[in-house]
Amino acid sequence: MSRNNSYVALKVLNGFHTELFERGRICELEVLQQVSMPPSTPHCLQLMSHFTFPGKGTAGQHLCLVTNVIGGDVKSLFTKHGIFPFPLAKRIILHLLRGIAHAHTRGVLLTSDPPRRHAPEASHDGLVEAAISQPLPIPTLQEAMQRTFVVADFGHVILTAQLVENHTENKISPPPLRPPEIIIGGPWDAKVDIWTFGCLIFELITGRAFFKYEPDPKLNLDEPNYIIYQMLCYTCEDISAEQLMVSAFADQFFDTNCNFKAIPRLMDYPFEISIRCYKVIEEADVLSTAALMRRCLRLDPAQRASAAELLSDPWFDGVE
């Protein structure tokens, strides 16, 4: 590896996950190689090099990924400053979409869980605890308006970013961000990322999660049935018979006439109502934001816009 007196970030996989990589169970290295090929984008983490070195005892080899240094994360920014000003939320959302669009052109799906700090792990030789780097200073809101936001986490335990032609895991994304085709066991593709992106639009603007993955005792619904109920009410759509026919778990939620089996009466509760109740943006922005979300949160993935199509949406006019 060349040396040019610059700082880099180093991610060291433990022996277990390095073995999973060698067995083809995780593909973080290949994913990073794909998104880092020129022409690259500033909105995806860039792989600069990689190597392995032997661990101690029976730990096996450690795969090491060398990337560019990025500072902080959106969650820390929110924790410090609270709900983002609308222009900053739009900037983050645009940069996220650019990262998704670039990943999709390289055949990469962004299906990983949010990053988190790891608890101590047992190894063959004892307890191992990963060192946590000292965080970089969290920018002010004014500084954040000049920052470039990056899709940075392409691998987390088994739930890693995946290649389009090689799904290694079907239980993708955190449950509140999980699209309907995953919940009902249907076929899926890159449009799963568009559903997740639509949820994050709402979250980044309001500071609240859009869908709630939890039981609702009042409606007598468990977690999967309650989130399906929310999807049907918020989108004001029905899942088609064609989609249900190719979904392994559809009969757990719908009868043979495509009706939702659970007792609660469905009601239309369009996106603009949910956005409006938090009173964080002007009415004109409520309507345009709801329209953008509607392009992402279609129950039929074939009806969702692609990331490239969303980039030309007028909602992003004037956003850098």
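The name that an unreviewed UniProt entry assigns to the protein is Kinase-like protein, with the source organism given as Gymnopilus junonius.

The subject of this paragraph is the environment of Phe-249. Along the polypeptide, Phe-249 turns up in the loop between helix 9 (241–245) and helix 10 (271–276). Taking relative accessible area as the criterion, Phe-249 reaches 38% and is therefore assigned partly exposed. Sequence separation between Phe-249 and Gly-186 is 63 residues, and the spatial gap between their C-alpha atoms is 7.9 Å. If we ignore the near neighbours within four places in the chain, the residues touching Phe-249 are Ile-183, Ile-184 and Gly-185.

A few words now on the packing of helix 4 (residues 86–105) against helix 7 (residues 191–206). Contact geometry for helix 4 and helix 7: axes closest at 10 Å, N-to-C directions at 165°. With respect to their mutual orientation, helix 4 and helix 7 come out roughly antiparallel. Crossing angle aside, the handedness with which helix 4 passes helix 7 is right-handed. The residues of helix 7 that touch helix 4, namely those facing Phe-86, Ala-89, Ile-92, Ile-93, Leu-96, Leu-97, Ile-100 and His-104, are Asp-193, Ile-194, Phe-197, Leu-200, Ile-201, Leu-204 and Ile-205. Tallied by class, residues from the contact of helix 4 with helix 7 come to 13 nonpolar, one polar and one charged.

Attention now moves to the packing of aromatic side chains. One pass over the structure, following the stated rule, counts 14 aromatic pairs. For the pair Tyr-226 and Tyr-229, a centre-to-centre distance of 6.4 Å together with 20° between the ring planes defines the contact as stacked. Of this pair, Tyr-226 and Tyr-229 are both found in helix 8 (residues 223–235), three residues apart, which corresponds to roughly one turn of the helix. Three or more aromatic residues joined by ring pairs make a cluster, and in this case those are Trp-195, Phe-202, Phe-210, Phe-211, Tyr-234, Tyr-269, Phe-271 and Tyr-278.

It is worth spelling out helix 8 at this point. The end-to-end C-alpha separation of helix 8 is 18 Å, in line with the 18 Å expected for 13 residues at 1.5 Å each. Counting buried residues in helix 8 gives 11 out of 13 residues, a clear majority hidden from the surface. If you check which residues of helix 8 are buried, you get Asn-225, Tyr-226, Ile-227, Ile-228, Tyr-229, Gln-230, Met-231, Leu-232, Cys-233, Tyr-234 and Thr-235. Against helix 6 (180–183), helix 7 and helix 10 lie the buried residues of helix 8. Once helix 8 ends, the next one or two residues include Cys-236, with phi positive near 60°.

Here we come to a nonpolar patch on the surface. Together, Leu-10, Val-12, Phe-51 and Phe-53 make up a nonpolar patch on the protein surface, roughly 340 Å² of accessible area in all. Every element with two or more residues in the nonpolar patch is listed here: strand 1 (9–12) and strand 2 (47–54). In this fold, Val-12 is placed in strand 1. Residue classification places Val-12 among the partly exposed residues on the basis of a relative accessible area of 43%.

How each quantity is defined
Residues numbered from 1 in each chain as written. Predicted model: local features only at pLDDT ≥ 70, side-chain atom pairs only at ≥ 80, totals over all residues. Heavy atoms only, no water. Helix = DSSP H or I, 4+ residues; strand = E, 2+ residues; numbered from the N terminus. Buried < 20%, exposed > 50% of the residue type's maximum accessible area, 1.4 Å probe, protein only. Contact = heavy atoms within 4.5 Å. Axes fitted to C-alpha atoms, helices over the stretch in contact; angles between N-to-C directions. Parallel < 35°, antiparallel > 145°, perpendicular 65-115°, else oblique. Left-handed = near helix turned anticlockwise from the far one by under 90°. Nonpolar A, V, L, I, M, F, W, Y, C, P; charged D, E, K, R; others polar. Phe/Tyr/Trp six-rings, centres within 6.5 Å; stacked < 30°, edge-to-face > 60°. Expected span 1.5 Å × (residues − 1). Patch = residues over 30% accessible without salt bridge, like charges linked within 9 Å, V, L, I, M, F, W, Y side chains within 5 Å. Areas by Shrake-Rupley, 256 points an atom, 1.4 Å probe, with all protein chains shown as cover. Salt bridge = Lys/Arg side-chain N within 4 Å of Asp/Glu carboxyl O.

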